[in-house]
Amino acid sequence: MVYLPLILLVIVVVILALTIITLSSFVGRKKEYFEKLASYECGVPIQDTARKNFSVKFYLIAILFILFDVEIIYMYPWAVVFKDLHLFGAAAMGVFFLMLVVGFVYEWKRGALEWD
Amino acid sequence: MEIIFPVVDISAVSPQIALVTSAILVLVLGLFDGMRRVILYIAVGLLAICGIVATSAWGGEARAFSDLSAMAVLDDFTIFSTLIFIAGGILTILISVSYAEHRRIDRGEYYALILFAISGMSLMAASVNLFTFFLSLEVLSISLYVLIGIEYQKSESNESALKYFLLGAFASGFILYGIALIYGGTGSTDFAAISDQTSGGSNLLVLAGLGLLLVGIGFKISMAPFHSWTPDVYQGAPTPISAFMSTGSKAAGFAVLVRVFVSVFPQMRPDWVPLLSGLAVLTIAVGNLVALVQTDLKRLLAYSSIAHAGYMLLAIVAGGPEGSASILFYLLIYTLMNMAAFGVIAVLSAKGDTCHGLTDIAGLAKRHPIPAMVMAVAMFSLAGIPPTAGFVAKFYIFTALIQTDHITLAIIGVLFSGVSLFYYLRVIVWMYMKDAPISVVTPSVRLSIGGVAAICVSALAIIQLGIAPSYLIEMAQQAVSLLQ
């Protein structure tokens, strides 16, 4: 029964959370107005509904951004121990970076970065 | 801080490095408009060079990539499988010559993705670690998802791609779960270490992991009951890509199955042999029986490919050096047969006219005698009639089964092989003994030289290997000699 404290904690947390939410929805004061109920759009006054068509080009940009963003993450731990890795690390990351550059050249030449 | 550097033997992955480099080269060259006409010949040439690189290591000692955990090895098994994949890739590119051009998919990406897929397959056959295996499987699968949907203006192509992608993602999930359980049971993902850990006997956690792994790989090789995507995807994908999938990705799956079942878990044979023999019989039955009622050629070939996966599963049940060698030999022959059969469809439908239904090939022998002849050879070989190579390949598998006292399985296999005669011969009957309906009689289209050459070479190889197969059987036996 080593997990008993954990189970107890889960039960207490669930009960406490439910109690607080129920109490605040019954007891709390409600003052509703448009700005409060509007969806959050980085603090700017809302423009339009979220359910509308937008250009598929955003999708391409987003995909490319995620790809390169994730690849860059691999470089942080490498950069931290760069000196200890000597030539081995430099060579390994060189190969990785070369592939990344090929992908970049490809998307550039194919015109994925041009808006029109 | 102390960092342990692995001693890396780059030459142990030289075929894979050659393949990836070629793929990148084709991708970059394909960006230039002037390359459009020649890019496919460059791709074929680079594949041939990769084949030479792989062959040059033939007959040597097994070489592991890294000394910390082997990850990938270069042995005769890897080389033999890689050569099968490269042969399949070259034939795929050749049969898609005018097919791809007419559908405007003949850009650098098309050939680059085929090369990337082949490098994934090659690494899959070389992998001796569950992570290398999973990584290479994803390289292969992601390339295939794109290739299937590359005709993005056709809804069938999109539907196939989405279907294969969703089910493939599920299969990847099963494989990951299996890897996690095997790691939990043995504390390692390295094949040699897993083999050591399980030598004591069956371990329930490892057995569950092995089962999940089998589900995932079973999906890729279209083993019943995970086969239902096969006919839909083969039908909707571009025909050369159907050919590529039915041969290459299936061969890669079997290469991994051989490594996993025959060389990693031989001690657990009593646990997995009943399961695998049941699944093999089910796969053969489903493939052959449903193929009987198909009237679409690509669907018929899809069910036939399911049935053939069943025969190869029987060889894994047989196990031992003979069983593994018979799978390698069968994979090679099967690649040639399917390339020839799908190749004929691709060559005939290159200019956009469909050639899917049996009625479309009625009287084909009069209109296009050479493709009809190739198709007939492929059908005889798929059915396993001497003197074609399909007979030798099946004979080898059944011999391995009988030598290991699986007489019942061998009898079931032979019986269903007899059933398959019906639908294979029906194609020949339609081509040679029926007249084309008036609506089909089109002015004979000019066929692409590259495509016809590719299917003729396949057909000739099928007959040649049917008459004199011994040197290739010896090569296959040498390829598996280091596995056990």
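Just so you know, these numbers come straight off a predicted model, no measurement behind them. (Residues numbered from 1 in each chain as written. Chains lettered and ligands numbered in written order. Predicted model: local features only at pLDDT ≥ 70, side-chain atom pairs only at ≥ 80, totals over all residues.)

K.L.:
How should the overall build of chain B be read in this particular structure?
P.N.:
When helices and strands are counted, chain B shows 20 helices and two strands. A compact globule built from 484 residues should have a C-alpha radius of gyration of about 23 Å, and chain B, at 21 Å, falls within 12% of that. Summarising its shape, the C-alpha atoms of chain B cover approximately 75 × 55 × 40 Å along the three principal directions. Within chain B, the fraction of its 484 residues that count as buried is 57%. In chain B, the proportion of contacts linking residues at least 24 apart, taken out of those at least 6 apart, comes to 80%. (Helix = DSSP H or I, 4+ residues; strand = E, 2+ residues; numbered from the N terminus. Rg over C-alpha atoms; globule rule 2.2 N^0.38 Å. Buried ≥ 20, exposed ≤ 12 C-beta atoms within 10 Å, placed from the backbone. Contact = placed C-beta atoms within 7 Å.)

K.L.:
Which parts of the structure should I look at to understand the overall build of chain A?
P.N.:
Broken down by element type, chain A carries five helices and zero strands. In sequence order, chain A lays out its α and β elements as α-α-α-α-α. For 116 residues, the compact-globule estimate of 2.2 N^0.38 gives 13 Å, and the C-alpha radius of gyration of chain A, at 25 Å, exceeds that figure by more than 25%. Along the three orthogonal principal directions, the C-alpha set of chain A runs to about 65 × 55 × 20 Å. Counting only residues that meet the buried cut, chain A has 0% of its 116 residues in that class.

K.L.:
Would you mind going over the confidence of the model for chain B with me for this structure?
P.N.:
Residues of chain B with pLDDT of at least 70 account for 97%, and the chain-wide mean is 90. Scoring of the predicted complex yields 0.90 for pTM and 0.78 for ipTM. (pLDDT = per-residue confidence, 0-100.)

K.L.:
Whenever I open this one, the packing of helix 14 (residues 320-348) of chain B against helix 19 (residues 449-467) of chain B confuses me. Can you help?
P.N.:
Packed helices, taken two at a time, are described by their axes: the angle between them and the distance between them. Residues and elements named next belong to chain B. Closest axis-to-axis distance for the helix 14/helix 19 pair is 9 Å, and the angle between their directions is 150°. Read as a crossing pair, helix 14 and helix 19 show a hand that is left-handed. Contacts between helix 14 and helix 19 involve Ile-333, Leu-336, Met-337, Met-339, Ala-340, Gly-343, Val-344, Ala-346 and Val-347 on the former and, on the latter, Gly-451, Val-452, Ala-454, Ile-455, Ser-458, Ala-459, Ala-461, Ile-462 and Leu-465. Among the residues forming the contact of helix 14 with helix 19, the class breakdown is 15 nonpolar, three polar and no charged. (Axes fitted to C-alpha atoms, helices over the stretch in contact; angles between N-to-C directions. Left-handed = near helix turned anticlockwise from the far one by under 90°. Nonpolar A, V, L, I, M, F, W, Y, C, P; charged D, E, K, R; others polar.)

K.L.:
So what exactly am I meant to see when it comes to unusual backbone geometry here?
P.N.:
Negative phi is the rule for most residues except glycine; trans is the rule for most peptide bonds. Residue and element names in this part refer to chain B. Each neighbour pair has its own omega, and for Ala-224 with Pro-225 the value is 5°, a cis peptide bond. Looking at where Pro-225 falls in the secondary structure, it is placed in the loop between helix 9 (204-220) and helix 10 (229-236). A cis amide bond links Pro-386 with the next residue in sequence, Pro-387, at an omega value of 5°. With respect to the element layout, Pro-387 can be found in the loop between helix 16 (369-383) and helix 17 (389-403). We note that Ser-222 has phi near 50°; this positive angle belongs to a residue other than glycine. By the element assignment, Ser-222 lies in the loop between helix 9 and helix 10.

K.L.:
Explanation requested: helix 14 of chain B in the structure shown.
P.N.:
Each turn of an α-helix holds 3.6 residues, which means side chains three or four residues apart point in the same direction. Counted at 1.5 Å a residue, the expected span for helix 14 of chain B with its 29 residues is 42 Å, and the 42 Å between its end C-alpha atoms agrees. Extensive coverage of helix 14 of chain B is indicated by the burial of 27 of its 29 residues. (Expected span 1.5 Å × (residues − 1).)

K.L.:
Explain the environment of Ile182(B) to me, please; I cannot follow it from the model alone.
P.N.:
Residues and elements named next belong to chain B. Considering the arrangement of structural elements, one finds Ile-182 in helix 7 (residues 155-186). C-beta crowding within 10 Å serves as the criterion here: with 28 such atoms nearby, Ile-182 is assigned to the buried category. In sequence terms Ile-182 and Leu-210 are 28 residues apart; their C-alpha atoms lie 7.0 Å from each other. Those residues within four positions of Ile-182 in sequence are excluded, and the remaining contacts are Leu-130, Ile-194, Val-206, Gly-209 and Leu-210.

K.L.:
Mind showing me how you'd approach the packing of helix 13 (residues 297-318) of chain B against helix 14 of chain B here?
P.N.:
Residue and element names in this part refer to chain B. Their axes nearest at 8 Å, the elements helix 13 and helix 14 cross at an angle of 170°. Between helix 13 and helix 14, the interaxial angle falls into the category roughly antiparallel. For the pair formed by helix 13 and helix 14, the contact residues are Leu-297, Lys-298, Leu-301, Ser-305, His-308, Tyr-311, Met-312, Ala-315, Ile-316 and Ala-318 on the first element and Gly-320, Glu-322, Gly-323, Ser-326, Ile-327, Tyr-330, Tyr-334, Asn-338, Ala-341, Phe-342 and Ile-345 on the second. Here the contact of helix 13 with helix 14 is built from residues that sort into 13 nonpolar, six polar and two charged. (Parallel < 35°, antiparallel > 145°, perpendicular 65-115°, else oblique.)

K.L.:
Looking at this model, I keep getting lost on the nonpolar core. Mind explaining?
P.N.:
For soluble globular proteins, nonpolar side chains are generally found buried alongside one another. Membership of the largest hydrophobic core comes to 185 residues, with the highest contact counts inside it found for Tyr330(B) and Ala340(B). Of all the elements, helix 14 of chain B adds the most residues to this core, at 20 residues. (Core = buried A, V, L, I, M, F, W, Y, C linked by C-beta atoms within 7 Å.)

K.L.:
I'm lost on the confidence of the model for chain A in this one. Help?
P.N.:
Low pLDDT marks regions whose predicted coordinates should not be analysed in detail. Looking at chain A as a whole, its pLDDT mean stands at 87, while 100% of the residues score no less than 70. The lowest-confidence element of chain A is helix 2 (residues 34-37) of chain A, averaging 80 in pLDDT; the highest-confidence one is helix 1 (residues 4-27) of chain A, averaging 94.

K.L.:
Any chance you could explain the interface of chain A and chain B here in plain terms?
P.N.:
Between chain A and chain B, the residue contacts involve nine residues of the former and seven residues of the latter. Here the residues of the side of chain A that touches chain B are counted per class, giving six nonpolar, no polar and three charged.

K.L.:
For this particular structure, what's the right way to read helix 2 (residues 39-55) of chain B?
P.N.:
Residue and element names in this part refer to chain B. With 17 residues, helix 2 extends 24 Å between its outermost C-alpha atoms, agreeing within 8% with the 24 Å of an ideal straight helix rising 1.5 Å per residue. Those residues of helix 2 that fall on the buried side of the exposure criterion are Ile-39, Leu-40, Ala-43, Leu-46, Leu-47, Cys-50, Gly-51 and Ala-54. Looking straight down helix 2, one finds that the buried residues subtend no more than 150° of arc, so they occupy a single side. Lining the buried residues of helix 2 we find helix 1 (14-29), helix 3 (76-95), helix 4 (97-102) and helix 5 (108-126). (Arc of directions from axis to C-beta.)

K.L.:
Looking at this model, I keep getting lost on the environment of Lys163(B). Mind explaining?
P.N.:
All names here are of chain B. Along the chain, Lys-163 falls in helix 7. Separated by 70 residues in the primary sequence, Lys-163 and Val-233 have C-alpha atoms spaced 7.2 Å apart. With residues near it in sequence (within four places) discarded, Lys-163 still touches Trp-229, Asp-232 and Val-233.

K.L.:
I would appreciate a short explanation of the environment of Leu409(B) in the present structure.
P.N.:
With respect to the helices and strands, Leu409(B) occurs in helix 18 (residues 407-433). Placed 213 residues apart in sequence, Leu409(B) and Asp196(B) show a C-alpha to C-alpha distance of 30 Å.

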